[in-house]
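# Structure at a glance
What follows is the residue order along each chain.
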Amino acid sequence: MAIVLGDWPPFRIFWSSAKFAFKALFSWLRPEMWLMQLFTLPLFQMAFFVYLSRFVNPGAAGVAFIAVGNALQVASFSSIFAVCNITSEEKWQGTLTPLIATPASRFPLFVGRAMFQILNSMATIVVGFVYASFVFGVDMSGTDFVALAVVILITSLAMTGFGLMLGSVGLYLRTAMIIANIFLFIGLLVCGVNFPVTALPTWLQPLSYAIPMTYGTIAARAAIQGSSIAELSPLILQEIGAGAGSLVVGYLLFLGFEALARRRGTFEEF
Amino acid sequence: MTRLQTFWGSFRMSLLHFFADPQWIIPNIIAPFIFTAVALVLFRNVSGSVALYAVLGGGMMGMWGNTLYGSGFALAFDRWNGTIEYVLATPSRLVWIIAGRSASNAVLGLINALAILAVVTVGYGVLLEVANPILFLVALILTLVSLSALGVVFCSAFLLSRSASVMTNGLEFPIYVASGSMFPIALLPFWSHPLSLSLGPTWGIDAMRYATDSAYTGLGFGYWIDLSAVLVSTIVYLAIGFWLFMVAEKKVRDDATLVEY
């Protein structure tokens, strides 16, 4: 008997959750506001660090390093900040308790909630690379665009996995906004966005390599210099590993915090 | 109730709210703190300008971050908590309530700035040697008032919008860039200079740099011209902010859209 994908319960839950999250987002966020965010955030974040770099070291190489790093990191607004706040937003709207009371599997439910932010992250990174090339003068003539597209896709997926892990912690906290803000910006410091990870103190570097963005920034720079997917595959596999690891740890944390919140009756605390 | 009583009551209530749950200082301070840390790494091989640009810039960004998020969420939290109807139903004018909240955010912004200066001094060993502490303090306080007045202008837009959080995220970086918080505005494209010079914080940070380093040349107008520009821009912002509030308040009352979120 053929199994129709739409009838498979995890897929049905995932898809309905994704559609619902999309409709819920645009019920309060006007499309023009979303577009404003999509086009202005990458521009001004990149401009800030590019001009800082030009002031400190007027060499073009430093500018390209920073522009590419920030083009990728700016997706954290979607993949970390928005995704991490999913559980808190359910609390604010008063919908977390009914959601938890459903027998639906948590994994497809919350991954579905994050689905739009994966697309949003990819769109933000693409806009960032357009600015890198046309506004900040990054030479992309030798770019392997297929490899770059794969890096953008994997980085968006992996960082969303990381954001979901942080959101699991937010299930138990009164709000995930605090950790969402910390991890939104900490990538600028530890993920090789503005300077190589090796410039950090040795004790801080393991944190860098636990965040998928670090592999993404290295891979994106290599793709712009012409590296193919085959050459980048070790980095991409490491990034997939970091993203998948985050997702698994996040799921386990979610189940643990759900049990704890049920026992202590803290689901609605915010 | 006099305007002053409204202002004071709102100022006090806002501070009490903050101290009841002080973890909210983290979202306001984290971006400027990280940017300062990044700048210090980038500046590690550069001598002379570190304290002037990285540290003072970080402090100014800390003040702006707090003012912006304070203004952005001043009404959004009321919407979420279901208290905005009561705030608007009181006979006190909304703009004086918001002015009290903005002033309280400005005071907290000063704490942010001092926290960044302290962390940078202790953590990174970068000492800010101020040539003229009194002039520095005057410039710092006027810049803070100017940022607060700018917050009132933006808050009137947040009154009309359900997307205050999106707008605050969108407005944080443009001010950091346009005001030349961490680099000279001469590096920016020429067409953007009028925009930069229309911002009080641009002049404020320049005045602070003059007061810190007597050899600083900056915009080239000198400390007192900078200070006058901060003062004038603050008065203009307040006039615009009060007028916008009148218009926005009337509009949300007429359209009955205040509680929408």
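Calculation notes
- Residues numbered from 1 in each chain as written.
- Chains lettered and ligands numbered in written order.
- Predicted model: local features only at pLDDT ≥ 70, side-chain atom pairs only at ≥ 80, totals over all residues.
- Helix = DSSP H or I, 4+ residues; strand = E, 2+ residues; numbered from the N terminus.
- Rg over C-alpha atoms; globule rule 2.2 N^0.38 Å.
- Buried ≥ 20, exposed ≤ 12 C-beta atoms within 10 Å, placed from the backbone.
- Contact = placed C-beta atoms within 7 Å.
- Nonpolar A, V, L, I, M, F, W, Y, C, P; charged D, E, K, R; others polar.
- Core = buried A, V, L, I, M, F, W, Y, C linked by C-beta atoms within 7 Å.
- pLDDT = per-residue confidence, 0-100.
- Expected span 1.5 Å × (residues − 1).
- Bend = angle between axes of the 7 residues up to and from the residue.
- Arc of directions from axis to C-beta.
- Axes fitted to C-alpha atoms, helices over the stretch in contact; angles between N-to-C directions.
- Parallel < 35°, antiparallel > 145°, perpendicular 65-115°, else oblique.
- Left-handed = near helix turned anticlockwise from the far one by under 90°.

Moving on, we get to the overall build of chain A. Each helix and strand in chain A was counted, giving 13 helices and 0 strands. Ordered by position from the N terminus, the helices and strands of chain A form the series α-α-α-α-α-α-α-α-α-α-α-α-α. For 270 residues, the compact-globule formula gives about 18 Å, and the C-alpha radius of gyration of chain A, at 19 Å, lands near that figure. Its C-alpha atoms put chain A at 55 × 45 × 40 Å along the principal axes. Within chain A, the fraction of its 270 residues that count as buried is 49%.

Time to look at the interface of chain B and chain A. Taken together, the contact between chain B and chain A spans 29 residues of the former and 31 residues of the latter. For the side of chain B that touches chain A, the elements supplying multiple residues, two or more each, are helix 2 (25-42) and helix 7 (164-178) of chain B. At 10 residues, helix 2 of chain B tops the list of elements feeding residues into the side of chain B that touches chain A. Each residue belonging to the side of chain B that touches chain A can be placed in one class, and the counts come to 24 nonpolar, 4 polar and 1 charged.

Right, let's get into the nonpolar core. In terms of nonpolar packing, the biggest core is built from 156 residues, with Leu52, Ala67, Val68, Ala71, Ile80 and Ala180 of chain A together with Ile34 of chain B touching the most fellow members. When residues in this core are grouped by element, the largest group, 15 residues, is from helix 3 (residues 50-81) of chain B. When sequence neighbours within four positions are dropped, the list of residues in contact with Leu52 of chain A reads Ala39, Leu42, Met182 and Phe183 of chain B.

Residues and elements named next belong to chain B. Put simply, chain B has an average pLDDT of 83, and 95% of its residues get 70 or more. For chain B, helix 3 is the element with the lowest average pLDDT, namely 78, and helix 8 (residues 193-197) is the one with the highest, namely 94. Interface confidence for the predicted complex, expressed as ipTM, amounts to 0.86; the pTM equals 0.89.

The next thing to look at is helix 10 (residues 177-190) of chain A. All names here are of chain A. For helix 10, with 14 residues, the first-to-last C-alpha span of 20 Å sits near the 20 Å given by 1.5 Å per residue. At Leu184, helix 10 shows its largest kink, close to 25°. Inspection of helix 10 places Met177, Ile179, Ala180, Asn181, Phe183, Leu184, Phe185, Ile186, Gly187, Leu188, Leu189 and Val190 among the buried residues, and these make up the whole buried set. A positive phi of about 70° marks Gly192, the residue just after helix 10.

Right, let's talk about the confidence of the model for chain A for a bit. Per-residue confidence for chain A gives a mean pLDDT of 89, with 97% of residues at or over 70. Looking at the elements of chain A, mean pLDDT is at its lowest for helix 5 (residues 86-93) of chain A, recorded as 82, and at its highest for helix 12 (residues 212-224) of chain A, recorded as 96.

Once that is clear, we can look at the environment of Ser133 of chain A. Its location among the elements puts Ser133 of chain A in helix 8 (residues 115-134). Ignoring sequence-local partners within four residues, the contact set of Ser133 of chain A consists of Val138 and Met140 of chain A.

Residues and elements named next belong to chain B. Its 18 residues give helix 1 (residues 3-20) an end-to-end C-alpha distance of 26 Å, which sits within 8% of 26 Å, the value for a rise of 1.5 Å per residue. Among the residues of helix 1, Thr6, Phe7, Ser10, Phe11 and Ser14 are the ones counted as buried. End-on view of helix 1: buried residues confined to an arc of 130°, all on one side of the axis. Residues of helix 1 that are exposed and point over 90 degrees away from its buried face: Leu4, Gln5, Arg12, Leu16, Phe19 and Ala20. In this structure, the buried residues of helix 1 make contact with helix 5 (94-124).

Residues and elements named next belong to chain B. Orientation of helix 5 relative to helix 6 (residues 133-160), taken along the N-to-C sense of each, is 135°, at an axis distance of 9 Å. Classified by the interaxial angle, the pair formed by helix 5 and helix 6 is oblique. Where helix 5 crosses over helix 6, the two elements pack in a sense that is right-handed. Residues Ile98, Ala99, Ser102, Ala103, Asn105, Ala106, Gly109 and Leu110 of helix 5 form the contact with helix 6, whose own contacting residues are Leu144, Val145, Leu147, Ser148, Gly151, Val152 and Cys155. Taken together, the residues that form the contact of helix 5 with helix 6 break down as 10 nonpolar, 5 polar and no charged.

Further remarks concern the environment of Ser179 of chain B. Residues and elements named next belong to chain B. Relative to the assigned elements, Ser179 resides in the loop between helix 7 and helix 8. Ser179 sits in the buried class, given 26 other C-beta atoms within 10 Å. Taking the C-alpha atoms as reference, Ser179 lies 6.7 Å from Leu199; in sequence the two are 20 residues apart. What Ser179 contacts, discounting residues up to four positions off in sequence, is Ser196, Leu199, Pro201, Thr202 and Ile205.

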